[in-house]
Amino acid sequence: MDQPSLAGRFLDELRAIVGARHVVSHPEDLLVYEYDGSIDRRAPLAVILPASTQEVSRVLALAYREGVPVSGRGAGTGLSGGAIAAPGGIQIGFARMNRILEVDTVNRTATVEPGVVNLDLDMHAHKFGLRYAPDPSSQRACTLGGNIAENAGGPHCLAYGATTNHVLGLEVVLEDGAVVSLGSLARETPGYDLRGVFVGSEGTFGVTTRIVVRLLPLPETVKTFLGIFPDLDSACTAVSAIIGYGIIPAALEMIDALSIRAVQNVMDAGYPPDAGAVLLVELEGLREEVEDTSREVEAALWEGGAAQVQVAEAAEHRAKLWLGRKNAFGAFGSIAPNYFLVDGVVPRTKLTQVLRQVSEISQRYAMPIANVFHAGDGNLHPIMLFDERVPGALEKALAAGGEILRICVEAGGTLTGEHGVGLEKKEYMPLVYTPEDLAAMKLARDAFAPANRLNPGKIFPDGQDHPPSPHRAAPGLYA
Amino acid sequence: MTLSQHLSSLLEAGIQVLPPERLPAYAIDGQTPQAVAQPATRQEVAQVLQWASAEGLAVCPWGGGTQMGVGNLPRQVDLVLDLARLDRLLDFQPADLTVTVEAGMTLAVLQSALAQGGKFLPVEAPLADQATIGGILATGATGPLRLAYGLPRDWLIGIGVVSAQGVASKAGGKVVKNVTGYDLNKLYTGSLGTLGVIVEATFKLSPRPADFAALVTGFPSAVRAVLAGQQLAGQVFAPQGLQVVTGPVVRRLGLEQAGGNVRKSPLAPLYERRVGGISRIAPEPRTGEALAIAFFQGRGLAVRRRLEESRRLLQSQGGSEAAVLDAGVGQELLGRLTGLGWAAETAPRLGLKVSVPPSAVGQVAALLSEDAASGADTGIIADPGFGTVRLLQWGEIPPNPPFAKGGSGGFDGSPEKIARLRDQVRKLNGWVVVEQCPLGLKQQVDVWDVEPQALEVMRRLKQKFDPLGTLNPGRFAGRL
């Protein structure tokens, strides 16, 4: 594909499949496709916007024949470089495959195309008294296809599980264009759990073209607590106390002092300026369940050392308590122009210890690190705040992030809870997995994609079968 | 050189091998292995597999032995790998809500250890005091509470396996949320030991529920009960588990020893309330009648509310007056229902598991009920909220089955009848797995039910993970 004429002929064939308007290949038009929410970037050869499974299949078959690698791209909100094209590769975008095909209220399922936005599905389900539970922070933009690839999480995964726990069936296209159904409309499908291993395969097994997800009935009662704490340690103590009461809330989110400052810089989320940490706890379920556990949650917050506890049940009031959490990432722009976010997970009991170590790293690197994270399942989001115009700042942020990941692994945790490995964390994989563990994973990929043409260069550390890493640029605030 | 002579080298390494007289107890579908090894560590499992795969032997992993009849006929059974000695609790962290165990520990032993820490693993299996964690994962075993808690795949967060060639590896970890690398947990779960031998598992846990109760309501037909159950399953106050059972199943639950020993039965409350109208629903529904049994667990007030509202809804949908069972009796009933058909006393001649979207359970129950109505000793256990229907047929088939009118699925065990049922169920977006059947039938049908394109991917997975066909050859879908 090095010769322009060859590339030209290839693009012509792609245009013949999806229509000339749906092949993006002008360098200026490709700019917005060269990055995701993370720090790596590379322009694709072209972006193809198919309208059907058949078109996806034909595009993949053609790329396979030509030896061109293919990456899928949803909204590009990913945080690990998952959607970034391989060298010389094309991207398939799903902007035209964005229909909610069916909501089945008896079976409580929805069938959607991969380009459907997460929140749009959830809001649509609400009309039927149902919901789609996984709620990544980017849910206003991110798509179901991307959620499948990354096994996306979100605050409410604490009680309801991540994307994988909600996917029943998938229609996928393999690297050679073959269309396969994985799973089904039934809750159990005989044979190997192909849709289970496909979810979270970061676009390396196949391209998803149709998705069947489980919907849950909307809860009868929802109650949100906001506990304001003098410091992070006491908020962590409250987290342990809640779990210790035998309560798994629907969500249990933590916001640290630096994040509180960032939020208050841009809006009034109602946080006192001297607060050391804020804990958001959401309870859902039957009236009786929520009432019963409420008392214990409130007790746990006070026992942990809360200076103030606010409670809300009405939707508008609850939304207000969530305001700071939902807008925290955008608010970091008020402190530094760039941020780099890592996604390590630790056992819940190690939160206090690991957060102290994160704070030490922040001091050692002289770089502010904010924490806004899913405390209930031990999923940290330390956020390095920096200015890319300062020479060496990006490298410093990356190094600090690497150290934090090491600490998470040493504490019995892992590299990523919901963002994926992608390009960003692939070199850290040997911290968690032995060569034998990684070899077993590669066997699975080789069964789905023997030629390794789909999203190559992701997940596994660079080696002989890997192209070099792409250009690394500082992230902006497009996450 | 015989296999047992070969095994002497393993004996020198200290690996326990059973004497010949114990081999028949490890027969799989009538094939007795030439040897049974009982490794005590992951290293020993690896050693046995390195040796066995190099020798070209067929190796069959063995947990509690409760579901060894599941699967197609093995092509070959040389060596059984009994994992009973890998039964240690490795790491229980109550405050983190996680536990790591070896594969040979039984579910019952694990649950009692977890209970001491106030925790609970929401995984069920038939015969929990024999079924092992490894076996439950390999078969993907479940129970009635799947409605609320899902499947074992939803609770497994880390796994240790030994490959067919004897290489140990792991996937996942010990944290409750993890997308680091491919989710091979899902691949090994339900793979019947054909991709690797599960030696260790880490689960996330749930706080131990404070309360438990069950509700039993009678319906004039299985279909009526299923439709009512379906409505119930969509409510916010839905029970944690919901089953519809017909007469022949109820008889085998042991509810009917009414004669003299009622009060000794753990289900005595059912009978004590006979005057209050229970006799109309239990213990012995007439032909065609069915019981809906709902299970509730959680905090006291919530359990009570769910129970009361469920009772009201079921009765408004044609259910009889309900019997309420307390925790002890309810849990006994749950255990018996989960194990039904798997213990020797209740083992059917033919056992089918139909998986469909929940809305199709009524149609499947209707298809299958024709057979039950014919007077054949055939029972149904349906899960209207989850979409599972088990058909259990005991004894012989009547000479003129009444499904000649073309509709249905009568099961004289003929491959044609299975194929026809599969066609019908496929139209309902579902699957029919033959879980239990005479060996003669296994020679003629694939007991699994998988689409051809998906099977091709499965074949490639098997080829990659077990290129020599060492592990359970022939037993999986497509006789892989």
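About the thresholds
Residues numbered from 1 in each chain as written. Chains lettered and ligands numbered in written order. Predicted model: local features only at pLDDT ≥ 70, side-chain atom pairs only at ≥ 80, totals over all residues. Helix = DSSP H or I, 4+ residues; strand = E, 2+ residues; numbered from the N terminus. Rg over C-alpha atoms; globule rule 2.2 N^0.38 Å. Buried ≥ 20, exposed ≤ 12 C-beta atoms within 10 Å, placed from the backbone. Core = buried A, V, L, I, M, F, W, Y, C linked by C-beta atoms within 7 Å. Contact = placed C-beta atoms within 7 Å. Expected span 1.5 Å × (residues − 1). Pairing = 2+ DSSP bridges. Axes fitted to C-alpha atoms, helices over the stretch in contact; angles between N-to-C directions. Nonpolar A, V, L, I, M, F, W, Y, C, P; charged D, E, K, R; others polar.

1. Focus on the overall build of chain A
1) Next: Counting its secondary structure elements, chain A contains 15 helices and 20 strands.
2) Next: A compact globule built from 479 residues should have a C-alpha radius of gyration of about 23 Å, and chain A, at 22 Å, falls within 12% of that.
3) Next: Principal-axis analysis of the C-alpha atoms places the extent of chain A at approximately 70 × 60 × 45 Å.
4) Next: Out of the 479 residues in chain A, the part that is buried amounts to 58%.

2. Describing the nonpolar core
1) Next: Counting residues in hydrophobic clusters, the biggest one holds 298 residues, and the most contacted among them are Leu-279 of chain A together with Leu-81 of chain B.
2) Next: If near-sequence neighbours (up to four positions away) are discounted, Leu-279 of chain A is found in contact with Gly-227, Phe-229, Ala-235, Ala-238, Val-239, Met-254, Leu-301 and Ala-375 of chain A.

3. Here's the deal with helix α7 (residues 222-233) of chain B
An α-helical turn contains 3.6 residues, so a residue and the one three or four places further along point in the same direction.
1) Next: With twelve residues, α7 of chain B extends 16 Å from end C-alpha to end C-alpha; this agrees with the ideal 16 Å at 1.5 Å per step.
2) Next: Those residues of α7 of chain B lying buried are Ala-222, Val-223, Ala-225, Val-226, Leu-227, Ala-228, Gly-229, Gln-230, Leu-232 and Ala-233 of chain B.

4. Details of the sheet that holds strand β9 (residues 168-172) of chain B
Residue and element names in this part refer to chain B.
1) Next: Pairing within the open sheet is antiparallel, and its five strands lie in the order β5-β6-β10-β8-β9. At either end of the open sheet lies a strand with only one pairing partner, and these are β5 (89-93) and β9. This sheet shows a mean twist of 10° between the axes of neighbouring strands, independent of strand direction.
2) Next: Pairing analysis gives six bridges linking strand β8 (residues 156-162) to strand β10 (residues 197-204), with the strands arranged antiparallel. The residue of β10 that forms the bridge with Gly-160 is Glu-200.

5. Some words on the interface of chain B and chain A
1) Next: Between chain B and chain A, the residue contacts involve 66 residues of the former and 74 residues of the latter.
2) Next: Counting only elements with at least two residues in the side of chain B that touches chain A, the list comes to β9, α6 (184-188), α10 (300-316), β19 (431-436) and α15 (452-465) of chain B.
3) Next: The dominant element in the side of chain B that touches chain A, judged by the number of residues it contributes, is α15 of chain B, at eight residues.
4) Next: Across the side of chain B that touches chain A, the residue classes break down as 31 nonpolar, 21 polar and 14 charged.

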